[in-house]
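Coordinate analysis (summary)
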Amino acid sequence: MSQSTHQSGSLVSYTVGFVLSVAITLAAYVATVNKIFTGWSLVILLVFLAVTQLLVQLICFLHIGREAKPRWNLMAFLFMALMFGVIAIGSLWIMHNMNYRMVPKGVEVNNYLSNQDGL
Amino acid sequence: MLDFFAGFLGKLTLDAFPHNPITAGAAVSIVAGTLVGAALMTRYKKWSWLWREWLTTQDPKKIGVMYIVVAMLMLLRGLSDALMMRAQQATSAGSSQGVLPTDMFQQVFSAHGTIMIFFVAMGLLFGLINLIVPLQIGARDVAFPFVNAVSFWLFTAGMVLINLSLVVGEFSAAGWLAYPPLSELKYSPGVGVDYWIWSLQIAGVGSLLSGVNFLATIIKMRCPGMTMMRMPLFVWSALITMVMICFAFPILTATLTMLALDRSLGMHFFTADGGGNAMMYVNLIWAWGHPEVYILVLPAFGVFSEVVATFSRKRLFGYTSMVWALASIAFLSFIVWLHHFFTMGAGADVNAFFGITTMVIAIPTGVKVFNWLFTMFRGRVRFTTPMLWFMGFIVTFTIGGATGVLLAIPPADFQLHNSLFLVAHFHNMIIGGVVFGFFAAITYWFPKIFGFRLNERLGRSAFWYWLIGFLLAFVPLYILGLMGATRRMNHYDSSLGWQWLFIVAAVGVLVISLGVVFQLIQIAYSIWQRKGSMARGGDPWDGRTLEWSTVSPVPAYNFAIIPTVTSRDAFWEQKQSGKKLTAPRYEDILMPKNTPMAMYIAAAALAFGFGFIWHIWWLVALSGFGVVALVIIRSNQTDTEYVITAAEVAEIEASGRKAAA
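Just so it is clear, the structure is predicted and the values come from calculations on it, not from any experiment.

Conventions used here
Residues numbered from 1 in each chain as written. Chains lettered and ligands numbered in written order. Predicted model: local features only at pLDDT ≥ 70, side-chain atom pairs only at ≥ 80, totals over all residues. Heavy atoms only, no water. Helix = DSSP H or I, 4+ residues; strand = E, 2+ residues; numbered from the N terminus. Buried < 20%, exposed > 50% of the residue type's maximum accessible area, 1.4 Å probe, protein only. Contact = heavy atoms within 4.5 Å. Areas by Shrake-Rupley, 256 points an atom, 1.4 Å probe, with all protein chains shown as cover. Bend = angle between axes of the 7 residues up to and from the residue. Polar contact = N/O pair within 3.5 Å; in protein donor to acceptor, adjacent residues only side chain to side chain. Buried area = accessible area lost by both parts, 1.4 Å probe. Salt bridge = Lys/Arg side-chain N within 4 Å of Asp/Glu carboxyl O. Nonpolar A, V, L, I, M, F, W, Y, C, P; charged D, E, K, R; others polar. Core = buried A, V, L, I, M, F, W, Y, C linked by side-chain atoms within 4.5 Å. 1 Å grid on protein atoms, 1.4 Å probe; cavity = no way out; pocket = protein on both sides within 12 Å on 5 of 7 lines; lining within 4 Å. Points joined across faces, edges and corners; volume = space filled by probe spheres on them.

**Regarding the overall build of chain A**
When helices and strands are counted, chain A shows 4 helices and 0 strands. Reading the secondary structure of chain A in the N-to-C direction produces α-α-α-α. Evaluated residue by residue, chain A yields a buried proportion of 20% over its 119 residues. Across chain A, contacts joining residues at least 24 apart in sequence account for 65% of those joining residues at least 6 apart. Roughly 8800 Å² of accessible area belongs to chain A as shown, and the carbon and sulfur atoms make up 71% of that amount.

This is the structure in structure tokens:
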């Protein structure tokens, strides 16, 4: 119906996106399984890789930034940021509160976890 | 030889087929029903008609009808689960152990909740949105017609999978949200939870695709002149619901995936050992689950806004405040999820925050209730069946809202958590709110889709059986909950004196069943006697919005000429100004061709889920590859549209108008 406004990406952009996505996923896997990073540095690395993956897919697959009127996209992104903040911060708050109240001691649990998984 | 097949079919062996008489009966009736249906189709040579007109269609109106048919069948399944539960609890006091074995009772209540939410309420919701949204915004189609068909077929694939658990294997006994650790492999070693995971996962992806599709449709495909603040309220409610689906359903998909990884690949996201945390599952599932209940009820609010305005012959009172109420309910619904697990052990500050946000939702909801009542005030109200559903809704929904605010108080919730009081509360909201709304919608829009009205008298009878049955079934549960009866209880001591209340509740469900019987008779009778209730002109209720401006049944292309609107209630305006269209000049219309690809994709997804459930890994690999391959093949098809020429359009329009006159 809307052929005139339809913007399909080029083969190049899809290939680049695909290769980058696979590479980022493998990097996360290797870094974790081979214990190249551990502890907080691993967490930070994984979050960084996840956000990079998101950006790669937005740019290469969804062609963000090439549309004529970006108003709706901007609104969607702002709302997404709000929702993400609500759910992520809310979950962290809830889970921290529950862990604090429901397990013996935070330090003990952290010791236990690092012995178990090498986090 | 047998060993080879054992490995070949994963965990699937002859033991998977039912041995228990009740399950076997259900399995036999499903298989027999399917065979009888197939035989009748062959006898009356209807297969090619079914294939051509329905199964391969991309017309949202037909897809909407199919959604509603599937949802109605599932309503019967969910209702029979409800009857079994009520029979068990009414008979299982003291020395009697009731009519169902314990494990089966657990499967029945898990299936009841899952089916009623995912395959009845969601099915009715998407059915209605498919039927009405394109018509109300003056569009000929949805933004992505093929994706829409895929959504429907994925929903159906999930439905097939959940019913397959009756025939092959077993269903989850872990409740409708399958909390770990109970739902983990250690405590639920059978395939039941896997059936639950994969039927929801497949249907859930379909819902997400629909969410994106209708969001794009409403934003991009409104007819000229229809600004956001001129959209009918049902469209507003659909738009906001779709936004919620886009943000809530990914959480469900991710949570189910993690549970599936725990169960199938030995991971530890939610296990009690290995660093997992079962509380995280509860947190995540409700971060989806609370928005989900508002996803169900907001479209019902939209329906009532249309019904009340039409049957009061008045403009909707407080349109702008209605829109803002919808938007604020949607936002608030994302910040209340902890109220489902106040008792899990969060501190007072956390519980207080989520308790207060929950109570705040009552404010925009109250705004809506008063706006509907003010719309009726000094209107010329016609007490048709949809209006009866509306007034039943106002009463039951207000009671349910009040008990909801009560449950939002953490100290009260500590007493009432997991009691039958809670069960009564959410049935109050979902039956009294969602289901009544969708029944009103079906009665209201039926003549638009089929060209004749549903019988009023039978509809009224159905309404009264539903309302009285509802009160009989759930008021005792409120009382029982206050007396301390917990939910999902398969036996209780006779000295508690609860049995008579359970018997009243069982009678209530029987009365509701009579209501359903009346609805089925209503549909059959209305089809049989349709000559007397024709509404080909397309405007049987003196409607206000664009969908009533077309002939009924609506032609494939919806509008021969895309309308241009200048106000809210555009069709009402047009009727009032008495403007007549002068000799319209029709143009060729491009519509999507039928294709079976959507069905094939869903069939591959079904095989994928089935393979995962039974650990048939070659099937998982094959069908997973099949889904991707089919999508790629479809994406490369170019000849996907056909033309309805201007002459054909003129002919269809003329015959429609002639039949109407």
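**Concerning helix 15 (residues 420-450) of chain B**
Residue and element names in this part refer to chain B. Maximal helix bending in helix 15 amounts to about 40°, located at Tyr 444; proline Pro 447 follows within four positions. Of all the 31 residues making up helix 15, 28 are buried; the element is thus mostly covered by neighbouring parts of the structure. One side-chain oxygen at the N-terminal end of helix 15 lies 3.1 Å from the backbone nitrogen of Phe 421; it belongs to Ser 419. Phi turns positive one or two residues past the end of helix 15, at Gly 451, with a value near 85°.

**Some points on the interface of chain A and chain B**
A common way to express how large an interface is: the accessible area buried when the components associate. Contact with chain A, which involves 23 residues of that partner, is made by 29 residues of chain B. Carbon and sulfur atoms supply 77% of the area buried between chain A and chain B, which totals about 2300 Å² over both sides. Summed over the shared surface of chain A and chain B, the number is 0 salt bridges. Put simply, the parts of the chain that give the side of chain A that touches chain B at least two residues each are helix 3 (71-102) and helix 4 (106-117) of chain A. Considering each element in turn, the side of chain A that touches chain B owes the most residues, 18 residues, to helix 3 of chain A. Taken together, the residues of the side of chain A that touches chain B sort by class into 16 nonpolar, 5 polar and 2 charged.

**Structural notes on the nonpolar core**
If you look at the biggest cluster of nonpolar residues, it comprises 212 residues, and the most contacted ones within it are B:Trp236, B:Trp288, B:Trp372 and B:Trp614. Excluding anything up to four places from it in sequence, B:Trp614 contacts B:Leu9, B:Gly10, B:Lys11, B:Leu12, B:Ala16, B:Val168, B:Gly169, B:Val191 and B:Tyr195.

**A short note on empty space enclosed by the protein**
Residues and elements named next belong to chain B. Scanning all chains against the criterion turns up 3 cavities of 30 Å³ or more. In this model, the largest cavity occupies a volume close to 160 Å³. Along the walls of the largest cavity sit 15 residues, with Leu 233, Glu 306, Leu 316, Tyr 319 and Asp 569 positioned nearest its centre. Counting residues per element, the lining of the largest cavity draws most heavily on helix 9 (residues 278-311), which supplies 4 residues.

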